[in-house]
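# Inside the fold
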Amino acid sequence: MLMPKRTKYRKPHRISYEGHAKGHTKLNMGEYGLQAKTGGYITARQIEAARVAMSRFTKRGGQIYINIFPHLARTMKPLETRQGTGKGDVKEWAAVVKEGTIMFEIADVPEATAREALRLASHKLGVKTKIVVKEESGEANEN
């Protein structure tokens, strides 16, 4: 599962996922991509589940690129714990995804295969998504 090798702080503050993404808004390496229509936190487990779904459907053909990484440590206190004892322990690692971020890209597969693989991956994620296609001029377009 994805997680950072080391971090500066063990328990960081939450990072906002409101607003539009500044980077990863166009397709770079793949011909088809999965773009977030809403913001949210994507856990390392969700990223792995989406990757497995895509690679299984494509029968490990083509190239799959993952553009997000879970840098944010999400914490949680144990159940039935009283307030005032400090911040909880790290429960999971999450990636902050803003609206417009292209999370996954696929290359070197037929269009129908890529669309179905990205559709299967979108069901594993906690944000609304759309499939984008690279045009001849190099721009991303919704289809």
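Placed above this text is the structure.
All values derive from a computational prediction rather than experimental measurement. Throughout, residues of each chain are indexed from 1 in the direction in which the sequence is written. For a predicted model such as this one, the threshold for reporting local features is a pLDDT of at least 70, and the threshold for listing and counting side-chain atom pairs is 80 or more; totals across whole chains, interfaces and linings nevertheless cover every residue. With hydrogens and water excluded, all non-hydrogen atoms of the structure serve as input to the side-chain values.

### Thoughts on unusual backbone geometry
Located in the positive-phi region is His24, a residue other than glycine, with phi close to 55°. Under the scheme used here, helices are H or I runs from DSSP no shorter than 4 residues and strands are E runs no shorter than 2 residues, and both carry numbers assigned from the N terminus. Tracing the chain through its elements places His24 in the segment before β1 (32-36). Only protein chains enter the accessibility calculation, which uses a 1.4 Å probe. A residue is then buried if its area is under 20% of the maximum for its type, exposed if over 50%, and partly exposed in between. According to the relative accessible area criterion, His24 is partly exposed, its value standing at 39%. In this structure, Lys59 takes a positive phi of about 55° despite not being glycine. For Lys59, the position within the fold is in the loop between α1 (44-57) and β3 (63-66). Looking at Lys59, the relative accessible area reads 72%, which means it is exposed.

### Points about α1
A helix's residues, less one, multiplied by 1.5 Å, set its expected span. Given a rise of 1.5 Å per residue, 14 residues ought to cover 20 Å, and the 20 Å separating the end C-alpha atoms of α1 matches this to within 8%. Between two residues, a contact is recorded if the distance between any of their heavy atoms is within 4.5 Å. For α1, the secondary structure elements touched by its buried residues are β2 (40-43), β3, β5 (89-97), β6 (102-107) and α2 (111-122). Positive phi appears at Lys59, one or two residues downstream of α1, with a value of about 55°.

### Notes on the sheet that holds β5
The rule for pairing is simple: two strands pair if DSSP sees at least two bridges between them. On the basis of which strands lie adjacent, the open sheet formed by three strands has the order β2-β5-β4 and antiparallel pairing. Of all the strands in the sheet, the pair left with one neighbour each is β2 and β4 (72-76). Ignoring strand direction, the axes of neighbouring strands in this sheet form an average angle of 50°. As paired elements, β4 and β5 share five bridges and run antiparallel to each other. Residue pairing in the sheet places Leu72 in a bridge with Ala94 of β5. Orientation is described by lines fitted to C-alpha atoms, with helices fitted over the stretch in contact, and by angles between N-to-C directions that extend from 0 to 180 degrees.

Keep in mind these numbers describe shape, not what the thing actually does.
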